[in-house]
Amino acid sequence: MTSTMPDAVPHPLVVRTVALDHLARPGSTGPDPDDLLGLLPPDAPLAWVRRGDGIVGWGEALRVEVSGRDRFADAEQAWQELLAHAIVRDEVDLPGTGPVAFASFAFEEDSPAGGVLVVPRVVVGRRGARSWLTTIDTGATLRATPDLADVAARQPEPVSPGAVSYAEGAVPSEDWLSVVERGVAAIRAGEVEKVVLARDVYATTTEPLDVRWPLRRLAARYPSCWTFSVDGLIGATPELLVRSEKGLVTSRVLAGTIRRTGDDDADLARAATLAHSSKDLEEHEYAVSSVADALAPFCTSTNVPDVPFVLHLPNVLHLASDVTGVLAANPSSLALAAALHPTAAVCGTPTAAAARLISRIEGMERGRYAGPVGWLGADGDGEWGIALRSAHVDPQDPRRVRLFAGCGIVAASEPAAELAESEAKLVPMRDALGTA
Ligand SMILES: C=C(O[C@H]1C=CC=C(C(=O)O)[C@@H]1O)C(=O)O
């Protein structure tokens, strides 16, 4: 575990949250609190937003880098140590107020991508009619609270990425067909019941990527998804690994997908087909069980829907189930995310055998794709998505972006259909990088 404190001063975190509710009043001349993303600077913006609610952050009060099997526990420990010495004044007291860290973790335990936890200098949040501003300092003296109208006015408009060209990723699409074939063969041979196989593609932009460009487009086009940005990993995920709030947990489980046609009537027929597809229902059931089983030891009761609903996104339809539970003790949301990861929506069933199969046949280092991404508060509450419909911006070359998509494979899967599904899952990021 490594941590870096920009000021290298061993002062405690000094955290102050103030209400911005006056900004929500009609006639206010301040920055629009609906537009959290509009406040972000171009450099290293942090975001977790959905339908205008959520939190955004910027500046880096502190950063913790972790790796290996214990990456979640190490991040949690570092966070607890920071909090033990923090001086906090929180005038709002809602989930996401007070000290907050944004974080994202690698899918695999031996990934060089490890994980990162960033404590921003400034956080702005919104939840319904309530808005707030948090400042986090590591110095002995408190800085003045930034004037948000000023902050918003100072931000340059996001710069267009220019022309975008695409190249094959680690496994060319033609070869990925045989990766899926090998997955199906392993299932038929009884090695696993389900495995999720993913692929990547490279985008090269003519201008260095200003991540606010794709973020705004993702948030506008995929309002039901969680738009995130943490340390160069960006996306809009439809899948909530876990939200923990005041003793209640929720997880939105997705698995089972059909592409949209663009024609509403045809899509309704497709939704009905999806809801009755035994192949997709099987794929979904594995994912729901993996989440329900992982949550059960933490909960006094859980609610697992008998049948999934169909989630309509602009590019695809998914089978979806919202699993909820009442927590018995008070594990942090990060501990819950660690216990849930990797679910069968991104790994397979049984988990360990599917993970081994992925390492053996996928041919790609997933990095932080399909890992937990989200935020953590001081009381352990937080929200963690699975980093899907996502891309990673090369820290050495901001013109180079790696996009990811994966598909759940069961015995009845057909490689060509899975390749087409992976293309549909790349659409949100491709569109977000474009200028159309
Ligand atoms: C692995 C991905 O999607 C998962 C989530 C929803 C539906 C899925 C599916 O139907 O295969 C996948 O399990 C991805 O988008 O990269």
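Since we're looking at a predicted model, the values are computed, not measured.

1. Concerning the nonpolar core
Val 56, Ala 101 and Val 195 are the most contacted members of the largest nonpolar core, which has 124 residues in total. There are two domains that each give this core at least three residues, and those are domain 1 (2–154) and domain 2 (164–433). Beyond its immediate sequence surroundings of up to four residues, Val 195 is in contact with Gly 183, Ala 186, Ile 187, Gly 348, Ala 354, Leu 357, Ile 358 and Ile 409.

2. What to know about the packing of helix α3 (residues 173–188) against helix α9 (residues 415–433)
Where α3 meets α9, the closest approach of the two axes is 9 Å, and the angle between their N-to-C directions is 125°. In terms of axis orientation, α3 runs oblique to α9. In the packing of α3 onto α9, the handedness of the crossing is right-handed. Together, Ser 173, Trp 176, Leu 177, Val 180 and Glu 181 of α3 and Pro 415, Ala 416, Glu 418 and Leu 419 of α9 make up the contact between the two elements. In terms of residue class, the contact of α3 with α9 is made up of six nonpolar, one polar and two charged.

3. Quick look at the domain arrangement of the protein chain
On domain assignment, one finds that the protein chain holds domain 1 (2–154) and domain 2 (164–433). Computed from C-alpha atoms alone, the centre-to-centre distance between domain 1 and domain 2 is 25 Å. At the interface, 34 residues of domain 1 touch 39 residues of domain 2. Sorting the residues of the side of domain 1 that touches domain 2 by element identifies β3 (46–50), α1 (71–84), β7 (100–105) and β8 (115–119) as the ones contributing at least two each. Tallied by class, the residues present in the side of domain 1 that touches domain 2 amount to 26 nonpolar, four polar and four charged.

4. Thoughts on the site of the ligand
Near the ligand you find 18 residues, and of these Leu 254, Thr 257, Leu 388, Gly 406 and Gly 408 are the closest. Those elements that place two or more of their residues in the shell around the ligand are β12 (194–205), β16 (248–259) and β24 (400–409). Taken together, the residues of the shell around the ligand break down into nine nonpolar, five polar and four charged.

5. Some remarks on the UniProt feature "domain: Chorismate-utilising enzyme C-terminal" (unreviewed entry) in the protein chain
The UniProt feature table records "domain: Chorismate-utilising enzyme C-terminal" (unreviewed entry) at residues 174–425. What you have in residues 174–425 is 34% helix and 35% strand, and the ends, taken at the C-alpha atoms, are 17 Å apart.

6. As for the environment of Glu 207
Within the fold, Glu 207 resides in the loop between β12 and α4 (212–221). As a C-alpha pair, Glu 207 and Trp 132 span 75 residues in sequence and 34 Å in three-dimensional space. Not counting the four nearest positions on each side in its chain, Glu 207 is found in contact with Val 159, Ser 160, Pro 161 and Gly 162.

7. Considering the environment of Val 123
Note on placement: Val 123 falls in strand β9 (residues 122–127). The exposure class assigned to Val 123 is buried, which follows from the 28 C-beta atoms found within 10 Å. The spacing of Val 123 and Leu 46 is 77 residues in sequence and 8.8 Å in space, taken between C-alpha atoms. Beyond its immediate chain neighbours, meaning those up to four positions away, Val 123 contacts Ile 55, Gly 57, Val 100 and Thr 134.

8. A few points about α4
Side chains that are three or four residues apart share a direction in an α-helix, a result of its 3.6 residues per turn. Here α4 lies mainly inside the structure; seven of its ten residues are buried. The set of residues buried in α4 consists of Arg 212, Trp 213, Pro 214, Leu 215, Arg 217, Leu 218 and Ala 219. Elements that come into contact with the buried residues of α4 comprise β3, β13 (226–230), β14 (233–237) and α9.

9. Here's the deal with the pairing of strand β15 (residues 240–245)
Burial within β15 is extensive, with five of its six residues counted as buried. The pairing of β15 with β16 spans four bridges and is antiparallel. Its bridge partner being in β16, Glu 245 is matched across the sheet by Leu 248. Where β15 lies against strand β22 (residues 382–386), four bridges are found, and the strand directions are antiparallel. The partner of Leu 240 across the bridge, within β22, is Gly 385.

10. Quick notes on the environment of Leu 403
In this fold, Leu 403 is placed in strand β24. For Leu 403, a count of 24 C-beta atoms within 10 Å corresponds to the buried category. For the pair Leu 403 and Val 179, spaced 224 residues apart in sequence, the C-alpha to C-alpha distance is 18 Å. Apart from the residues within four sequence positions on either side, Leu 403 is in contact with Asp 200, Val 201, Ala 203, Ala 391, Leu 426, Met 429 and Arg 430.

11. Considerations on the confidence of the model for the protein chain
Residues with a pLDDT of 70 or more make up 94% of the protein chain, whose mean pLDDT is 93. Low confidence marks residues 4–9, where pLDDT is under 50. Its contacts with residues over four positions away, or in another chain, come to eight contacts.

12. What to know about the pairing of β14
Most of β14 is tucked away, with five of its five residues classed as buried. Neither face of β14 is open: one carries Leu 233, Gly 235 and Thr 237, the other Ile 234 and Ala 236, and all of them are buried. The sheet contact formed by β13 and β14 spans five bridges and is antiparallel. By the bridge assignment, Ser 229 is partnered in β14 with Ile 234. Counting the residues that bridge the hairpin from β13 to β14 gives two residues, and of these Asp 231 lies at a positive phi of roughly 50°. Strand direction decides the pairing type here: β14 and strand β23 (residues 390–393), joined by three bridges, are antiparallel. Looking across to β23, one finds that Ile 234 is bridged to Ala 391.

Conventions used here
Residues numbered from 1 in each chain as written. Predicted model: local features only at pLDDT ≥ 70, side-chain atom pairs only at ≥ 80, totals over all residues. Core = buried A, V, L, I, M, F, W, Y, C linked by C-beta atoms within 7 Å. Buried ≥ 20, exposed ≤ 12 C-beta atoms within 10 Å, placed from the backbone. Domains from an automatic or database assignment. Contact = placed C-beta atoms within 7 Å. Axes fitted to C-alpha atoms, helices over the stretch in contact; angles between N-to-C directions. Helix = DSSP H or I, 4+ residues; strand = E, 2+ residues; numbered from the N terminus. Parallel < 35°, antiparallel > 145°, perpendicular 65-115°, else oblique. Left-handed = near helix turned anticlockwise from the far one by under 90°. Nonpolar A, V, L, I, M, F, W, Y, C, P; charged D, E, K, R; others polar. Near = placed C-beta within 6 Å. UniProt positions renumbered as here; feature names shortened; annotations may be inferred. Pairing = 2+ DSSP bridges. pLDDT = per-residue confidence, 0-100.

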